[in-house]
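Geometric and topological summary
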Amino acid sequence: MSGEGLDNLRPWRKRALQIITTDIWRKDSVEDIVPLNQVAGHGSHDAKQAILTAKNGCILKPVQAPPKGQREKQFYEEVFKSDASDSNSQLFKPFLPKYFGSCKKRSKSGEFGEFLMIENLSQGYVKPCIMDIKIGAKTYGPDANPQKI
C-alpha cells in the first residue's frame, strides 16, 4: 500500500493501520522457535521450564522463579557488560556461551515468560551429546525445599 492512499484516512485509522502492519511484520520476522529435546532437567517435566531453540543460533532459557532466576540473569549481565570492572567475573567469560540479553515471550496459554537469550553451543552438530556435571557434595542450593533435599 503506497503512502498516497493514506492521505484520505482519518488520523485514528492511520494509527490502527500502522499497528496492524507492525504486528504482521513482527510475526513474519520471528524465526521458528522449538523446544530443545531434553531427557532430564526442568524442561523434561515442566513445559514452562523447557529450553527453546531458534535457527539463529540462540537458546531461550526460561528465567527461573526468584531468587535463582534473577541471580542467574544478574550474573550473565555482569560478566557480559562491556565496562565490567570486576575482574573475577571476567574470568568466567571464556567458559560461557555468549549472552544476548533477555526477552519476554507469550506461551500458547497466553502467559508471558522471561527468557535468557544465550548462544546455542550445540548448533551445527547432528547428534550432540551434552552432559551436565554438578561439582560438590550437595546437588541442591541453600534455598532448596525439603522435596529437593
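The following refers to the structure shown. Remember, predicted model here, so these are calculated numbers, not experimental data.

**Topic: the packing of aromatic side chains**
The tally for this structure, following the rule as stated, stands at five aromatic pairs. Ring centres of phenylalanine 75 and tyrosine 76 lie 6.0 Å apart, and the angle between their planes is 70°; on these two criteria the pair is classed as edge-to-face. The partly exposed category is assigned to phenylalanine 75, whose relative accessible area is 32%. Through successive ring pairs, a cluster of aromatic residues spans Phe75, Tyr76, Phe80, Phe92 and Tyr99.

**Points about the pairing of strand 5 (residues 112-119)**
Bridging between strand 3 (residues 58-62) and strand 5 involves five bridges; their strand directions are antiparallel. Bridged to proline 62 within strand 5 is phenylalanine 115. In terms of strand pairing, strand 4 (residues 99-106) meets strand 5 through six bridges, oriented antiparallel. Looking at the pairing, cysteine 103 lines up with phenylalanine 115 of strand 5. Linking two consecutive strands that pair antiparallel, namely strand 4 and strand 5, is a turn of five residues; a positive phi of about 95° is found at glycine 110 within it.

**Re the sheet that holds strand 3**
Strand order in the open sheet formed by five strands is 1-2-3-5-4, with antiparallel pairing between adjacent strands. Two strands bound the open sheet, and with one partner strand each, they are strand 1 (33-35) and strand 4. Shown here is a sheet whose adjacent strand axes are inclined to one another by a mean of 30°, direction ignored. Where strand 2 (residues 52-54) meets strand 3, two bridges bridge the pair, whose relative direction is antiparallel. Residue pairing across strands places threonine 53 opposite isoleucine 59, the latter belonging to strand 3.

Conventions and cut-offs
Residues numbered from 1 in each chain as written. Predicted model: local features only at pLDDT ≥ 70, side-chain atom pairs only at ≥ 80, totals over all residues. Heavy atoms only, no water. Phe/Tyr/Trp six-rings, centres within 6.5 Å; stacked < 30°, edge-to-face > 60°. Buried < 20%, exposed > 50% of the residue type's maximum accessible area, 1.4 Å probe, protein only. Pairing = 2+ DSSP bridges. Helix = DSSP H or I, 4+ residues; strand = E, 2+ residues; numbered from the N terminus. Axes fitted to C-alpha atoms, helices over the stretch in contact; angles between N-to-C directions.

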